[in-house]
Amino acid sequence: EDLDMKDIIANISLNMANIFCVLDDYDSAMMYYKKAIHLAAESEEYSTLLTSMSNMLALLYSAHPDRFDEIVPETNMFRAMKLPDLPMSDYTRSIMRGIEFSSKKDYASAEREFINSLKQINTVYTPERFRLQSYSLLATLEYIRGNNPKAVFWLKKSLNESGAPDIRASIYYRLRQC
């Protein structure tokens, strides 16, 4: 940090946030995602910005869907940014809109955005992780609606598509919640 290398610190912060997610330390993960988002925006490290934003949104909605107000500054900043045409920007915007709709109890619009996010995945790097995010968001939405069978459907769909041990462990954890 003394060298003011914001792009590198943004990437390190993203990785730290991901580690805290694995450790189930929500508050630390959110702190590092927010730090990564702000530093990535300042340094125009857009790939890190998009990954940090989508991960933060997914964590918030999966862990505390009623606490959307905690990330309003970041969503407002993200919405106001003029991003270059990047592969995952539409995906990130879709899940952000879905969470915003859900926070307003407009569940039909939230579902449309989360399903649309699946069509927006445009990356060669771990696309199954982004599908997991979208399926997890859909599962959380159904859980909020009180439709546990549909929540389980979305989680099983993800389980069937991924062989990655960390993704499978996350899905099994979510299935236990339902």
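Up top is the structure these notes are about.
The rules we used
Residues numbered from 1 in each chain as written. Predicted model: local features only at pLDDT ≥ 70, side-chain atom pairs only at ≥ 80, totals over all residues. Heavy atoms only, no water. Axes fitted to C-alpha atoms, helices over the stretch in contact; angles between N-to-C directions. Helix = DSSP H or I, 4+ residues; strand = E, 2+ residues; numbered from the N terminus. Parallel < 35°, antiparallel > 145°, perpendicular 65-115°, else oblique. Left-handed = near helix turned anticlockwise from the far one by under 90°. Contact = heavy atoms within 4.5 Å. Nonpolar A, V, L, I, M, F, W, Y, C, P; charged D, E, K, R; others polar. Salt bridge = Lys/Arg side-chain N within 4 Å of Asp/Glu carboxyl O. Buried < 20%, exposed > 50% of the residue type's maximum accessible area, 1.4 Å probe, protein only. Polar contact = N/O pair within 3.5 Å; in protein donor to acceptor, adjacent residues only side chain to side chain. Patch = residues over 30% accessible without salt bridge, like charges linked within 9 Å, V, L, I, M, F, W, Y side chains within 5 Å. Areas by Shrake-Rupley, 256 points an atom, 1.4 Å probe, with all protein chains shown as cover.

Participant: Can you walk me through the packing of helix 4 (residues 72–80) against helix 5 (residues 89–103) in this structure?
Facilitator: Pairs of packed helices are described in terms of their axes, by the angle between the two and the distance that separates them. Two numbers describe how helix 4 lies on helix 5: the axes approach to 12 Å, and their chain directions differ by 135 degrees. Taken together, helix 4 and helix 5 sit at an angle that is classed as oblique. Here helix 4 and helix 5 pass one another in a crossing that is left-handed. Across the interface between the two elements, Thr75, Phe78 and Arg79 of helix 4 pack against Thr92, Arg93, Met96 and Glu100 of helix 5. By residue class, the composition of the contact of helix 4 with helix 5 is 2 nonpolar, 2 polar and 3 charged.

Participant: Explain the pattern of salt bridges here, please?
Facilitator: Pairing of side chains with opposite charge becomes possible as their charged atoms draw close. If you walk through the whole model with that rule in mind, you get 7 salt bridges. Here Arg67 ties to Asp27 by a salt bridge, and the two come within 4.0 Å at their closest N and O atoms. You can see Arg67 sitting in the loop between helix 3 (46–63) and helix 4 and its partner Asp27 sitting in helix 2 (residues 26–43), a full 40 residues away along the chain. Under the relative-accessibility criterion, Asp27 is labelled exposed at 55%. Among the salt bridges present, the one from Arg67 reaches Glu70, with a minimum N-O distance of 2.3 Å. On the basis of relative accessible area, Arg67 is assigned to the partly exposed category, the value being 25%. Judged by relative accessible area, Glu70 falls into the partly exposed class, the value being 25%. Overlapping salt bridges bring together Asp27, Arg67 and Glu70 as one network.

Participant: Sorry, what's going on with the packing of helix 5 against helix 6 (residues 107–119) here?
Facilitator: Running from N to C, helix 5 and helix 6 point in directions that differ by 165 degrees, and their axes come no closer than 8 Å. Taken together, the axis directions place helix 5 and helix 6 in an arrangement best described as roughly antiparallel. Every pair of crossing elements has a handedness; the one defined by helix 5 and helix 6 is left-handed. Contacts from Tyr91, Ser94, Ile95, Arg97, Gly98, Ile99, Phe101 and Ser102 of helix 5 reach helix 6 at Tyr107, Ser109, Ala110, Glu113, Phe114, Asn116 and Ser117. Split into classes, the residues belonging to the contact of helix 5 with helix 6 amount to 7 nonpolar, 6 polar and 2 charged.

Participant: Can you walk me through the side chain of Thr48 in this structure?
Facilitator: Secondary-structure assignment places Thr48 in helix 3. By relative accessible area, Thr48 is classed as buried at 4%. Polar contacts involving the side chain of Thr48 include one to the side chain of Asn11, which spans 2.6 Å. The contact partners of Thr48, leaving out residues within four places of it in the chain, are Ala10, Asn11, Leu14 and Ala40.

Participant: How should a nonpolar patch on the surface be read in this particular structure?
Facilitator: Taken together, Met5, Ile8 and Ile12 make up a surface patch of nonpolar side chains, about 250 Å² in accessible area. Mapped onto the secondary structure, Met5 falls in the segment before helix 1 (6–22). Residue classification places Met5 among the partly exposed residues on the basis of a relative accessible area of 38%.

Participant: Please clarify how the environment of Pro65 should be interpreted in this entry.
Facilitator: Mapped onto the secondary structure, Pro65 falls in the loop between helix 3 and helix 4. Judged by its relative accessible area of 27%, Pro65 falls in the partly exposed class. In this structure, the C-alpha to C-alpha distance between Pro65 and Pro127, residues 62 residues apart in sequence, is 24 Å. For Pro65, the residues in contact, after removing those within four places along its chain, are Leu60, Thr140 and Ile144.

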